[in-house]
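# Overview (structure and organization)
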Amino acid sequence: MELVSTSRDKLLKPLQLVSGIVERRHTLPILANLLFKKNGNAVSLISTDIEIQITTHADFGIGSDNLSTTVGARKLVDILRALPEGPMNLSLKDGKMVVQSGKSRFTLQTLAANEFPIMAESSDVSSSWEISQKSLKQLISQVHFAMAQQDIRYYLNGMLLVVEGQKIIAVATDGHRLAYSHINLDKAPTGNGQKQEVIIPRKTILELQHLLDDSDEPVVVSLATNQIKFNFGDVELLSKLVEGKFPDFQRVIPKGQNNTLVVSREALQASLQRAAILTTDKFKGVRCVLSENCLTIQSTNAEQEEAQEDIETEYQGEKIDIGFNVSYLLDVLANLKNDSIQISLGDSNSSAVITLPGQEGFKYVVMPMRI
């Protein structure tokens, strides 16, 4: 029974889109598989890890019959990557999937499609809105790096999404730094217009970052009870939400800091990368000394080695000597695209706020550390 007849590249693209969430280690063997559903020439490819489900559609099915099966995701993708570009066929024979391309032939084990755990889609959508892929990707890229990883406070292992009128706010924190970004929609979301706050799991955010491109093509985002859905192009991503109460991020963002400077993002990034060479995995601290028209960055280590970098900058505030985890500073600089950034400080014991000159939509708060 024939399933698919197409070129290698046309099959590989949708397979790569859905295979990103497939875990190498899994509790259920079926979770290592992709679900193939063929309805005439319409083909759906579905993957899930129980928490997230990705579906993509293509029209390279062959024959008029309807078929469903599941096959190992990583194995199939690895085979296609190793094959040269050219026509290829997928078919089912004696309960196995046969992959044929040129003089190459592979026979893969399958598992029954009815065992595949399709996520039940919630029908009570509370609100939905449209945003360009480019805007959503930028919103995520400005905060995703601040999410916690495997924190016992499980609600920090994700990104807070706030829908308030036409404003969409994204916030992430791991308790040591916080990233905030917001954008305004062209059109208000559907629904009752009430403010909504949801926490999207870390894995979903990282997968979205990978799937979205820098185009103006629309993404339709739908919120339902304990679920969020993203529709764009031929892709549908359905994800469970994290239950829990996210910290009040407004209280974390300092206000009224008197000492500000604007500095070249690339110059600061390069200086910090060089200073970081002498830090260790156990201690990532760098000292930042602000004096008139100069920002000095210093690092030392247990072997009494030292690095010092001076950056010229227009600064007329009080002298400040403050320490930071260099990784927290490099993370934010790597995910911004602006030529310059603004840093606002209170004193040596208060958090720093990094913003973008002339833009209200982004804030990054980083706590100081003792050097």
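None of these values were measured; they are calculated from a predicted model.

Cut-off values and rules
- Here, residues in each chain are numbered from 1, in the same order as that chain's written sequence.
- pLDDT decides what is reported in this predicted model: residues at 70 or higher carry local features, side-chain atom pairs at 80 or more are listed and counted, and totals for whole chains, interfaces and linings draw on all residues regardless.
- Processing note: side-chain calculations cover all non-hydrogen atoms of the structure and skip hydrogens and water entirely.
- Only one rule defines a salt bridge in this text: a Lys or Arg side-chain nitrogen within 4 Å of an Asp or Glu carboxyl oxygen.
- Partly exposed residues are those whose accessible area sits between 20% and 50% of the maximum for their type, while under 20% is buried and over 50% is exposed, using a 1.4 Å probe and protein chains only.
- In this description a helix means any DSSP run of H or I spanning at least four residues, a strand means any run of E spanning at least two, and both kinds are numbered starting from the N terminus.
- We call two residues contacting when some pair of their heavy atoms lies within 4.5 Å.
- Patch rule: a residue counts if its relative accessible area is over 30% and it has no salt bridge; like charges are joined within 9 Å, and nonpolar side chains (Val, Leu, Ile, Met, Phe, Trp, Tyr) within 5 Å.
- Here, Shrake-Rupley sampling with a 1.4 Å probe gives the accessible areas, and only protein chains in the shown set may cover a residue.
- For the purpose of counting charges, residues Lys and Arg are taken to be positive, whereas Asp and Glu are taken to be negative. His and the chain ends are not included.
- Note that the charge is assigned to NZ on lysines, CZ on arginines, CG on aspartates and CD on glutamates.
- Only when DSSP finds a minimum of two bridges between them are two strands counted as paired.
- The convention used is that axes are lines fitted to C-alpha atoms, helices contributing only their stretch in contact, and that angles between N-to-C directions extend from 0 to 180 degrees.
- Every angle not falling under 35 degrees, over 145, or within 65 to 115 is termed oblique; those three ranges are roughly parallel, roughly antiparallel and roughly perpendicular.
- By convention the crossing between two helices is left-handed if the near helix lies anticlockwise of the far one by an angle smaller than a right angle, and right-handed if it lies clockwise.
- For this classification, Asp, Glu, Lys and Arg are treated as charged, while Ala, Val, Leu, Ile, Met, Phe, Trp, Tyr, Cys and Pro are nonpolar and the rest, including Gly, are polar.

## Re the pattern of salt bridges
This model, assessed by the stated rule, comprises 13 salt bridges. Measuring nitrogen to oxygen at the nearest pair gives 2.8 Å for the salt bridge that ties Arg8 to Asp9. Look at Asp9 and you get partly exposed, because its relative accessible area is 38%. As a salt-bridge pair, Lys195 and Glu197 come within 3.5 Å of each other at their nearest N and O atoms. Judged by its relative accessible area of 40%, Glu197 is partly exposed. Taken together, the shared-partner salt bridges in this structure form one network comprising Arg8, Asp9 and Glu85.

## Here's the deal with the environment of Pro84
Within the element layout of this structure, Pro84 appears in the loop between helix 2 (73-82) and strand 6 (87-93). Sequence-wise, Pro84 and Asp124 are 40 residues apart; in three dimensions their C-alpha atoms are separated by 46 Å. With sequence-adjacent residues up to four places away left out, Pro84 is seen in contact with Arg8 and Ser101.

## Considering a negative patch on the surface
Residues Asp213, Asp214, Asp216 and Glu217 make up a contiguous surface patch of negative charge. Mapped onto the secondary structure, Glu217 falls in the loop between helix 4 (202-211) and strand 14 (218-224).

## Regarding the sheet that holds strand 9 (residues 125-132)
The strand order across the open sheet formed by twelve strands is 1-6-7-8-5-2-3-4-16-15-14-9, and the pairing between neighbours is antiparallel. Two strands lie at the open edges of the sheet, namely strand 1 (2-7) and strand 9, each paired on one side alone. Geometrically, the sheet is characterised by an average inter-axis angle of 20° between neighbouring strands, direction not taken into account. One ladder, built from five bridges, connects strand 4 (residues 52-58) with strand 16 (residues 235-240); its direction is antiparallel. The residue of strand 16 that forms the bridge with Thr55 is Glu236. Contacting strand 2 (33-39), strand 5 (66-72), strand 6, strand 7 (96-101) and strand 8 (104-111), helix 2 crosses the sheet at an angle of about 90° to strand 5. Sheet contacts for helix 4: strand 4, strand 15 (227-232) and strand 16; angle to strand 16, the most-contacted strand, approximately 165°.

## Examining the packing of helix 3 (residues 133-141) against helix 4
Following both chains from N to C, one finds helix 3 and helix 4 inclined at 135°, their axes separated by 10 Å at the closest point. Taken together, the axes of helix 3 and helix 4 are oblique relative to one another. Helix 3 and helix 4 meet at a crossing whose hand is left-handed. From helix 3, Gln133, Lys137, Ile140 and Ser141 reach across to helix 4, where they touch Ile205, Leu208, Gln209 and Leu211. Classifying every residue of the contact of helix 3 with helix 4 by side-chain character gives four nonpolar, three polar and one charged.

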